[in-house]
Amino acid sequence: MVAKAQRRRFTAEYKRRIVREADRCTKPGELGALLRREGLYSSHLTSWRAARDRGELAGLAPKPRGPKATPADPRDKKIVEQERELARWKQRAERAEALVEVQKKVAALLGTPLESAK
């Protein structure tokens, strides 16, 4: 059974140390030996140097994976509350209309006309 491969993660301090060592390499072949010894690719070194040059200290730390969290808009909460309140008022209005209909039917059965408000 083969173990599942895992992505390597490098700490910020490790990246800084490797970049410093790579900058000290002056003789031909030293840089290649450093990369082979550490099991790195030249693209690692390139991206870490670029992040260092941009001054991104966080760029040297591993980045969290997955979708970025978006802050909740306070207006959305207010809209939801207003929609809930509107639904409650609609339900009350429907109940009131049903009650008026029942009153009309009772009045028609009893033969007493309802007075309409004018």
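The residue count restarts for each chain, going from 1 along the sequence in the order it is written. Only residues with pLDDT of at least 70 get local features here, since the model is predicted, and only at 80 or more are side-chain atom pairs given and counted; chain-wide, interface and lining totals rely on the full set of residues. Heavy atoms from the whole structure form the basis of all side-chain values; hydrogens and water molecules are not counted.

Glancing now at helix α1 (residues 12-24). Counted at 1.5 Å a residue, the expected span for α1 with its 13 residues is 18 Å, and the 19 Å between its end C-alpha atoms agrees. In this scheme, a residue with accessible area under 20% of its type's maximum is buried, one over 50% is exposed, and one in between is partly exposed, where area comes from a 1.4 Å probe on protein chains only. A run of DSSP states H or I qualifies as a helix once it reaches four residues; a run of E qualifies as a strand once it reaches two. Both are numbered from the N-terminal end. Among the residues of α1, those classed as buried are Ala-12, Tyr-14, Lys-15, Ile-18, Val-19, Glu-21 and Ala-22. Throughout, a residue-residue contact means that at least one pair of heavy atoms, one from each residue, lies within 4.5 Å. The inward-facing, buried residues of α1 abut α2 (30-38) and α3 (42-54). By this rule the span expected of a helix is its residue count minus one, scaled by 1.5 Å.

Turning our eyes to something else, we now look at the side chain of Glu-21. Within the secondary structure, Glu-21 is located in helix α1. Residue contacts for Glu-21: discarding those within four places in its chain leaves Leu-34 and Arg-37.

With that out of the way, let us pick up the pattern of salt bridges. Take a side-chain nitrogen of Lys or Arg and a carboxyl oxygen of Asp or Glu: if they are within 4 Å of each other, that pair is a salt bridge. All chains considered together, the criterion is met by 10 salt bridges. Across the salt bridge formed by Arg-52 and Asp-53, the nearest N and O atoms sit 3.4 Å from each other. Judged by its relative accessible area of 36%, Arg-52 falls in the partly exposed class. Taking relative accessible area as the criterion, Asp-53 reaches 59% and is therefore assigned exposed. Asp-73 is paired through a salt bridge with Arg-75; the nearest N and O atoms lie 3.0 Å apart.

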